Amino acid sequence: MKRTSPPGLTESPKKQPRQDPVSCESCRKKKLKCDRTQPCSSCSTRKICCSYTRSGPGPSLVKPVTQAKARTPLDNPAPTQEPHVTSRMPETPIRTRDDPLTTADWLETFMMGHRVPSAVPAPFRDELAQRQRLHCFRSPGNTLLGNLSSLVRAGQTVSLESPVSINLTLLLPSEAEAMELFDYYCNHLDWQYHLIIPHRTKEDIQNLYKLISHEPVRMNHLALLFSIVATALYFQLLSTETAQFAEMCSREAAYIAGSALIQSNFMAYPTIEGLQASMIIMHHLSSLTLSPSISALFSHSTCVCQAKSLGLHVIDRSVMAERRHHSSSTAGVELSRRLWWDLTTYDWLVSFLSGPQELTYIIHPNHMNVQKPLNIEDDDLETSQVDMPLSTPTCMSYTLHRLRLAEVCREMVDEIAPVHLHGQELSYEKVLDLDRKLHSAYAELPAFFRFDQSARRQYATLYRDRPAIAWQRAFMQQGYHSRLCRLHRQFFIQGAKDPKYSYSHVVSLQSARKVLEIKRIMDEEEPLFSPNSSFFWAVMHHVFMAAVILLIDVCFNWDDILAEKRKEEVLDACRMLSRAQQSSSVAREGINAMMGILRKYWKHERRPPSQNLQAEHPPPSGLDPSALEQEQRTPAAVKTAQFTPPLPDVSTSDPPMEQSTPTTSMAPLEDLWTELLDGSAHVELDTPDWMDMLTELTNSTVPCE
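The structure presented is a predicted model; accordingly, all values stated were derived computationally and were not measured.

(A) The packing of helix H23 (residues 537–556) against helix H24 (residues 563–583), seen in detail. Close contact between H23 and H24 brings their axes to 9 Å; oriented N to C, the two are set at 155°. Judged on the interaxial angle alone, H24 and H23 are roughly antiparallel. For the element pair H23 and H24, the recorded crossing hand is left-handed. For the pair H23 and H24, contact is made by Met540, Val543, Phe544, Ala547, Leu550, Leu551, Asp553 and Val554 and by Arg566, Lys567, Glu569, Val570, Ala573, Met576, Leu577 and Ala580, respectively. When the residues that make up the contact of H23 with H24 are grouped by side-chain class, the tally is 12 nonpolar, no polar and 4 charged.

This is how it looks when you write it as structure tokens:
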């Protein structure tokens, strides 16, 4: 029976606890040690609300900033700089129920506590950590470029949402920001592939902003805009300090472009604008940095399939031509030809590189009917169809000469592939025949794409007025010389010992030195070459491979009378790579990956040092060292084979060695290369080893032209 209090007595209040709890609710539930800050470090790490239950007044619940507050409607543009956030909690992203990151976060927060970080798969942990680093970049104390605003705010979490459910119009930057990024793309990046007609694309973007408030958005145009934004953001922010931020921004913008393609059902109903968007991201952004849910949209094979669905491979067939006459503009037809030949050129160029695509291509010349693009300026497409001679510089000159190089690569693959597939060795006579084809195509280059002194002086004004042509000249030269090195590398070492193959040794060294000389010229003319040439991995990959060719030559000819001079030449190339590492995160990551491969092969088998070897075989008395080198390297095959002579020198004399200012402390990369050079006399590399090394170095990154 329940007791009642006597009359006149009030019920005494419940006894209060001796002290208020000092740990937050989450730590008490998990039985974790709480540092009693507001919010505590445990809750901050797990991105959950940190609250303290107290009997009296105390700190209130700390609520995270939501994504909804971060987005800005189009009719109320956001300020250029981030507003000051009073809460110390990081932003809590909006996530879908099926998101694996959400699942991992839920497990960590409620089920497994501090044991989960070691159980969550590494990719999820890395992505969560990357987003925390991004928050540091966006803190109020950091000053970023002023043209990011709304995209950067949305960029932290948009790739965590489903691509089919994103409201893409809320993620659009302001029109001024979009046009600024578009101008950057046209001025600094479009020259590489020229996948758009700038004035037409600019009109499409402007119409997109005009009609967005009262008409449905054309998703393919939206995808094209964000593909340009992703590429421009990446290169505009690509420096050592903001490399992670640049990668995150470009990744999120590329995800938005992929989402627009998915929402437009691009795979079933492709459009020219959608194909342009896919090809821009395919060329400029690495697929390794893209979200797996959209990366397949930007592969070369997908772009080829979509181009075939649009009928680009038969655009000049009689039936298609008649249909085109009634429905398409002249500029539209020419753009279609450009897109198809760009896909074809890329396919044929990478077929002569190591990797899964080596010695194979997917576009056969007999399976298409497409005329080559006209050598004509974009502004003249609608008013004139006069094809200018290739000696006249236009915006299409580089595309057409790059296509010529690709055709030679395809012909070489057709000759080499049947031999390799049957396990046979390519004859040296066949190598010399392919060498003639490369030299013949090289001889067709116009003067403004050459690097000799007379051409540089003659077209100096053209390069200042049109920096894109200066870039294209450098890329074209590196493309030819790097492929000459690749063609002759099988006989490179044999040519140093056997006069029969001496031509391959001479051409490989000559081409490697010219690749390095081109990079030196680009560094000297850096205001002309903007952004820095080290930002382009295609340039730095060729430079690293050229340096390795010189390094191998020192290794196999360590007892040569001019060995010390060649070692200094290798160190000069190493200093060039070291400077690129300091200026570009892309170069740093790529060079580090290739250095790992190089050190793996520079190992193990060592011959005993032979201190008296050089004394036992002294050079003939009275013979000048330079004359001796010339005699040793006289290509005997040149006298008997009757083929085209080597490419003309970059200058009238041997390229001068780079004059670098000595530093008090050598860079780590230079230390490593010095170590390799010091041990070159004891390294034992037989032909399979160094051939495998060159193949693995070429295949260490995505194919680069």
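Alright, that's what it looks like, and here's the rest.
(B) Main features of unusual backbone geometry. Unusually for a residue other than glycine, histidine 194 sits at a positive phi of about 50°. Looking at the secondary structure, you find histidine 194 in the loop between helix H7 (175–188) and helix H8 (198–211). Classification of histidine 194 as buried rests on a relative accessible area of 7%. At asparagine 265, a residue that is not glycine, the phi angle is positive and equals roughly 60°. Along the chain, the position of asparagine 265 falls in the loop between helix H10 (243–263) and helix H11 (272–284). What makes asparagine 265 partly exposed here is its relative accessible area of 37%.

(C) Main features of the nonpolar core. If you look at the biggest cluster of nonpolar residues, it comprises 170 residues, and the most contacted ones within it are Met412, Phe544, Leu577 and Trp673. Top element by residues in this core is H23. It accounts for 16 residues. Beyond its immediate chain neighbours, meaning those up to four positions away, tryptophan 673 contacts Phe544, Ala547, Val548, Leu551, Val570, Leu571, Cys574, Leu577, Met595 and Leu598. In this structure, Cys27, Cys34, Cys40 and Cys50 belong to the second largest nonpolar core, which totals 8 residues.

(D) A look at empty space enclosed by the protein. In the structure shown here, the tally under the stated rule is 3 cavities of 30 Å³ or more. Taken as a whole, the largest cavity holds about 220 Å³ of empty space. Every element with two or more residues in the lining of the largest cavity is listed here: helix H20 (467–488), H23 and helix H30 (687–698). No other element matches H23, which puts 5 residues into the lining of the largest cavity. When the residues that make up the lining of the largest cavity are grouped by side-chain class, the tally is 7 nonpolar, 4 polar and 3 charged.

(E) Quick look at the state of the cysteines. Per the stated rule, a full pass over the model turns up 0 disulfides. Free of any disulfide, cysteine 34 has its nearest neighbouring cysteine sulfur in cysteine 27, separated by 3.9 Å. With no disulfide partner, cysteine 50 has as its closest neighbouring cysteine sulfur the one in cysteine 43, 3.8 Å distant. Take cysteine 50: its relative accessible area is 1%, and that puts it in the buried class.

(F) Structural view of the side chain of serine 511. Mapped onto the secondary structure, serine 511 falls in helix H22 (residues 502–524). When near neighbours in sequence (up to four residues on either side) are disregarded, serine 511 contacts His481, Leu484 and Cys485.

(G) Looking closely at the pattern of salt bridges. Under the defined criterion, the tally for this structure stands at 21 salt bridges. In this structure, the salt-bridge partner of aspartate 316 is arginine 337, at a minimum N-O distance of 2.8 Å. Residue aspartate 316 is found in the loop between helix H13 (300–309) and helix H14 (318–327), and its partner arginine 337 is found in helix H15 (residues 330–350); the two are separated by 21 residues along the sequence. Taking the relative accessible area as the measure of exposure, arginine 337 reaches 9% and is therefore buried. Of the charged contacts in the structure, one is a salt bridge between arginine 566 and aspartate 553, with a shortest N-O distance of 3.7 Å. One end of the pair, arginine 566, is in helix H24; the other, aspartate 553, is in helix H23, and 13 residues separate them in sequence.

(H) Focus on the environment of phenylalanine 475. For phenylalanine 475, the location among the structural elements is in helix H20. The buried category is assigned to phenylalanine 475, whose relative accessible area is 15%. Spatially, the C-alpha atoms of phenylalanine 475 and arginine 402 are 9.4 Å apart, while their sequence positions differ by 73 residues. Filtering out sequence-adjacent residues up to four positions away, phenylalanine 475 remains in contact with Trp191, Gln192, Tyr398, Phe536 and Val539.

(I) Spotlight on helix H16 (residues 397–421). End to end, H16 covers 36 Å across 25 residues, agreeing with the expected 36 Å (1.5 Å per residue, within 8%). The largest bend in H16 comes to about 25°, at glutamate 415, with the proline proline 418 one to four residues further on. Just downstream of H16 lies glycine 423, where phi reads positive at about 70°.

(J) View of the UniProt feature "domain: Zn(2)-C6 fungal-type" (unreviewed entry) in the chain. As annotated in UniProt, the feature "domain: Zn(2)-C6 fungal-type" (unreviewed entry) corresponds to residues 23–52 in the numbering used here. Here residues 23–52 runs as 40% helix and 0% strand, with 7 Å between its end C-alpha atoms.

(K) How the structure looks around the packing of aromatic side chains. In the structure shown here, the tally under the stated rule is 16 aromatic pairs. Consider the rings of phenylalanine 235 and phenylalanine 536, whose centres lie 5.2 Å apart with planes at 25°: the pair is stacked. Of this pair, phenylalanine 235 sits in helix H9 (residues 219–236) while phenylalanine 536 sits in the loop between H22 and H23, and the two are 301 residues apart along the sequence. On the accessibility criterion, phenylalanine 235 (6% relative accessible area) is buried. We classify phenylalanine 536 as buried; its relative accessible area is 4%. Seen from their ring centres, phenylalanine 448 and phenylalanine 449 are 4.8 Å apart, and the 65° between their planes marks the pair as edge-to-face. Neither residue differs from the other here; phenylalanine 448 and phenylalanine 449 are each classed as buried. Site record: aromatic cluster; members linked through ring pairs are Trp191, Tyr234, Phe235, Trp471, Phe475 and Phe536. Sitting over the face of the ring of tryptophan 348, arginine 410 holds its NZ or CZ atom 4.5 Å from the ring centroid. Looking at arginine 486, its charged tip hangs above the ring of phenylalanine 352, at a distance of 5.4 Å from the centre.

(L) Quick peek at the environment of leucine 677. Considering the arrangement of structural elements, one finds leucine 677 in helix H29 (residues 668–678). When neighbours within four sequence positions are excluded, leucine 677 is seen to be in contact with Leu551, Val554, Lys567, Val570 and Leu571.

Conventions used here
- Residues numbered from 1 in each chain as written.
- Predicted model: local features only at pLDDT ≥ 70, side-chain atom pairs only at ≥ 80, totals over all residues.
- Heavy atoms only, no water.
- Axes fitted to C-alpha atoms, helices over the stretch in contact; angles between N-to-C directions.
- Helix = DSSP H or I, 4+ residues; strand = E, 2+ residues; numbered from the N terminus.
- Parallel < 35°, antiparallel > 145°, perpendicular 65-115°, else oblique.
- Left-handed = near helix turned anticlockwise from the far one by under 90°.
- Contact = heavy atoms within 4.5 Å.
- Nonpolar A, V, L, I, M, F, W, Y, C, P; charged D, E, K, R; others polar.
- Buried < 20%, exposed > 50% of the residue type's maximum accessible area, 1.4 Å probe, protein only.
- Core = buried A, V, L, I, M, F, W, Y, C linked by side-chain atoms within 4.5 Å.
- 1 Å grid on protein atoms, 1.4 Å probe; cavity = no way out; pocket = protein on both sides within 12 Å on 5 of 7 lines; lining within 4 Å.
- Points joined across faces, edges and corners; volume = space filled by probe spheres on them.
- Disulfide = S-S within 2.5 Å.
- Salt bridge = Lys/Arg side-chain N within 4 Å of Asp/Glu carboxyl O.
- Expected span 1.5 Å × (residues − 1).
- Bend = angle between axes of the 7 residues up to and from the residue.
- UniProt positions renumbered as here; feature names shortened; annotations may be inferred.
- Phe/Tyr/Trp six-rings, centres within 6.5 Å; stacked < 30°, edge-to-face > 60°.
- Lys NZ or Arg CZ within 6 Å of the ring centre and 35° of its normal.

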